[in-house]
Amino acid sequence: MSTGNSDLAARIDMTKPHPARRYDYWLGGKDNFQADRDAAEAIAAVFPHIRTAARENRAFMQRAVRFLAAEAGIRQFLDIGTGLPTADNVHDVAQRIAPESRIVYVDNDPLVLVHARALLTSSPQGATAYIDADARTPDRILANPALRNTLDFSQPVALLLVALLHFVEDNENPYDIVRELVAALPAGSYLVLSHATFDPLDPDTIAAMNGVNRGIKPMFCPRPLADVSRFFDGLDLLKPGIVSVSDWRPQPGPRPTPAEATGYGAVARKIR
């Protein structure tokens, strides 16, 4: 994390919305600019459940990390597309259960890097690190010294790709990205993945969402179940499989419908 403040300031474009900052706004955060808020509100105007969807996606991540730390015995986590720090980040959840857990965060938004020290508040027994990198360059992530200095790749690692791949277009090879990352993990590792979908939405809402998102970069690319399933090829899906993020091992009580959560989530294990 040697990037200077002047370099970071030059990289932050306050005039264009960014997914991490827009997500932060929906979650009630303050690390966003007017362009992010305008874009977020435009989406909320055509899809009023967007804040619910953001919260449910976040809750899915936290449940998955709790399961991996408490039940699967995982002590190492690689979270790519981290987003802006908020309550109960991966290390907060994992180290509450197992203080020796080690976490590497990866994101390419300079504003996330500015706030990365909030992601580095590890327990004394564990460790956290931050890598400023783009998910579209998995080779650079895997070659980064901070990764190997923090995680032991002779032991299982949980790879988190949460609400990330719907910002990777088909021509940017999202499936190859996942394959390369998973291939680097040892047997017994896990993939935690969530992905936006329009599957449960009506045609009018889809058309309105596409209209609002048109022209915004990175492009928003929700995918149907069949396409999301391809990310798990060769892996052993844990029960209940690929389901609405709200329905993955939920807490007791009422929960949003798939049309309100608008995202698939799943956890899978690498057998060999």
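Above this text is the structure in question.
As the structure is a computational prediction, the values presented were derived from the model and not from experiment.

**Student:** Run through the pairing of strand S8 (residues 263-269), naming residues and quoting values.
**Tutor:** The element S8 is extensively covered by neighbouring structure, given that six of its seven residues are classed as buried. Here seven bridges tie strand S5 (residues 190-196) to S8, and the two strands are oriented antiparallel to one another. If you follow Tyr 190 over to S8, its bridge partner there is Arg 269. Pairing geometry for strand S7 (residues 243-244) and S8, over two bridges, is antiparallel. Paired with Ser 244 across the bridge in S8 is Tyr 264.

**Student:** If you had to explain helix H5 (residues 90-97) to someone new, which residues and values would you point to?
**Tutor:** Burial in H5 covers these residues: Val 90, His 91, Val 93, Ala 94 and Gln 95. Residues of H5 that are buried in the fold lie against helix H4 (50-70), strand S1 (76-80), strand S2 (102-107), strand S3 (127-132) and strand S4 (158-162).

**Student:** Describe unusual backbone geometry, naming the residues involved and giving the relevant values.
**Tutor:** A cis geometry characterises the amide bond from Lys 217 onward to Pro 218, with omega recorded as 0 degrees. Position of Pro 218 relative to the elements: it lies in the loop between helix H10 (203-213) and helix H11 (225-229). Following Lys 239, the chain continues to Pro 240 via a peptide bond in cis, the omega torsion being 10 degrees. Mapped onto the elements of the fold, Pro 240 is located in the loop between strand S6 (236-237) and S7. The backbone phi angle of Asn 173 is positive, close to 60 degrees, even though this residue is not glycine. One can find Asn 173 in the loop between S4 and helix H9 (174-183). Phi is positive for Thr 262, which is not a glycine, with a value near 45 degrees. Looking at the element boundaries, Thr 262 is found in the loop between helix H12 (258-261) and S8. Taking relative accessible area as the criterion, Thr 262 reaches 10% and is therefore assigned buried.

**Student:** Could you give an account of the packing of aromatic side chains, with specific residues and numbers?
**Tutor:** With the rule as written, the count across this model stands at five aromatic pairs. With a centroid separation of 4.4 Å and an interplanar angle of 25 degrees, the aromatic rings of Tyr 175 and Phe 231 are classed as stacked. Within this pair, whereas Tyr 175 is found in helix H9, its partner Phe 231 is found in the loop between H11 and S6, the two being separated by 56 residues in sequence. Aromatic pair Phe 198 and Phe 220: ring centres 6.0 Å apart, planes at 65 degrees, arrangement edge-to-face. Here Phe 220 lies in the loop between H10 and H11 and Phe 198 lies in the loop between S5 and H10, a separation of 22 residues in the sequence. The exposure class of Phe 198 is buried, given its relative accessible area of 12%. Ring pairing ties together the aromatic residues Phe 60, Phe 67 and Trp 248, which thus form one cluster. Looking at Arg 148, its charged tip hangs above the ring of Phe 153, at a distance of 4.1 Å from the centre. Over the ring of Phe 67 we find Arg 249, and its NZ or CZ is 4.5 Å from the ring centre.

What counts and what doesn't
Residues numbered from 1 in each chain as written. Predicted model: local features only at pLDDT ≥ 70, side-chain atom pairs only at ≥ 80, totals over all residues. Heavy atoms only, no water. Buried < 20%, exposed > 50% of the residue type's maximum accessible area, 1.4 Å probe, protein only. Helix = DSSP H or I, 4+ residues; strand = E, 2+ residues; numbered from the N terminus. Pairing = 2+ DSSP bridges. Contact = heavy atoms within 4.5 Å. Phe/Tyr/Trp six-rings, centres within 6.5 Å; stacked < 30°, edge-to-face > 60°. Lys NZ or Arg CZ within 6 Å of the ring centre and 35° of its normal.

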